[in-house]
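Here are the chains, one letter per residue:
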Amino acid sequence: MAEIKVKLVRSRIGTTPAQRRLLDSLGLKRREMVKTFKDTPAIRGIIAKVTHMVTVID
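Since this is a predicted model, take the numbers as computed values, not measurements.

What follows covers the pairing of strand β1 (residues 3–8). Judged by which residues are buried, β1 turns out to be one-sided: I4, V6 and L8 face inward and are buried, whereas E3, K5 and K7, on the alternate face, are not. Pairing of β1 with strand β3 (residues 54–57), which is carried by four bridges, proceeds in the antiparallel orientation. Considered in β3, the bridge of K7 is made with T55.

If you want to describe how two helices pack, look at the angle between their axes and the distance between the axes. Interhelical geometry of helix α1 (residues 17–26) versus helix α2 (residues 41–49) gives an angle of 140 degrees and a closest axis separation of 10 Å. Classified by the angle between their axes, α1 and α2 sit oblique to one another. Every pair of crossing elements has a handedness; the one defined by α1 and α2 is left-handed. Touching L22, S25 and L26 of α1 are I43, I46 and K49, all from α2.

Time to look at the side chain of R12. Of note, R12 is situated in the loop between β1 and α1. Within polar-contact distance, the side chain of R12 engages the side chain of D24 at 3.0 Å. The residues contacting R12, other than those within four sequence positions of it, are R20, L23, D24, L28, K29 and M53.

Quick look at the environment of E3 now. Looking at where E3 falls in the secondary structure, it is placed in strand β1. What makes E3 exposed here is its relative accessible area of 55%. Linking E3 and T40, residues 37 residues apart in sequence, is a C-alpha distance of 8.8 Å. With residues up to four places along the chain from it excluded, the contact list for E3 reads T36, F37, K38 and D39.

The strand order β2-β1-β3 describes an open sheet built from three strands, whose pairing is antiparallel. Looking along the sheet, the strands with just one partner apiece sit at the ends: β2 (34–38) and β3. Direction aside, the axes of adjacent strands within the sheet are offset by 30 degrees on average. By the bridge criterion, five bridges tie β1 to β2 in an arrangement that is antiparallel. Paired with V6 across the strands is K35, a residue of β2. Those strands touched by α2 are β1, β2 and β3, and its axis lies near 25 degrees from that of β1.

Thresholds, definitions, all that
- Residues numbered from 1 in each chain as written.
- Predicted model: local features only at pLDDT ≥ 70, side-chain atom pairs only at ≥ 80, totals over all residues.
- Heavy atoms only, no water.
- Buried < 20%, exposed > 50% of the residue type's maximum accessible area, 1.4 Å probe, protein only.
- Helix = DSSP H or I, 4+ residues; strand = E, 2+ residues; numbered from the N terminus.
- Pairing = 2+ DSSP bridges.
- Axes fitted to C-alpha atoms, helices over the stretch in contact; angles between N-to-C directions.
- Parallel < 35°, antiparallel > 145°, perpendicular 65-115°, else oblique.
- Left-handed = near helix turned anticlockwise from the far one by under 90°.
- Contact = heavy atoms within 4.5 Å.
- Polar contact = N/O pair within 3.5 Å; in protein donor to acceptor, adjacent residues only side chain to side chain.

See the structure below:
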């Protein structure tokens, strides 16, 4: 299964509680933090909800 890297590029300040929970579920707590995940529909769905805050690194 392929892996993707997700990087938090914008601060969590000013986000809604729902967006903060999504970022917590990804484990992204600080700006410029990078995490690696298996490329699953669940992870893609979480990323789709916070696309303005994260980037996917191939």
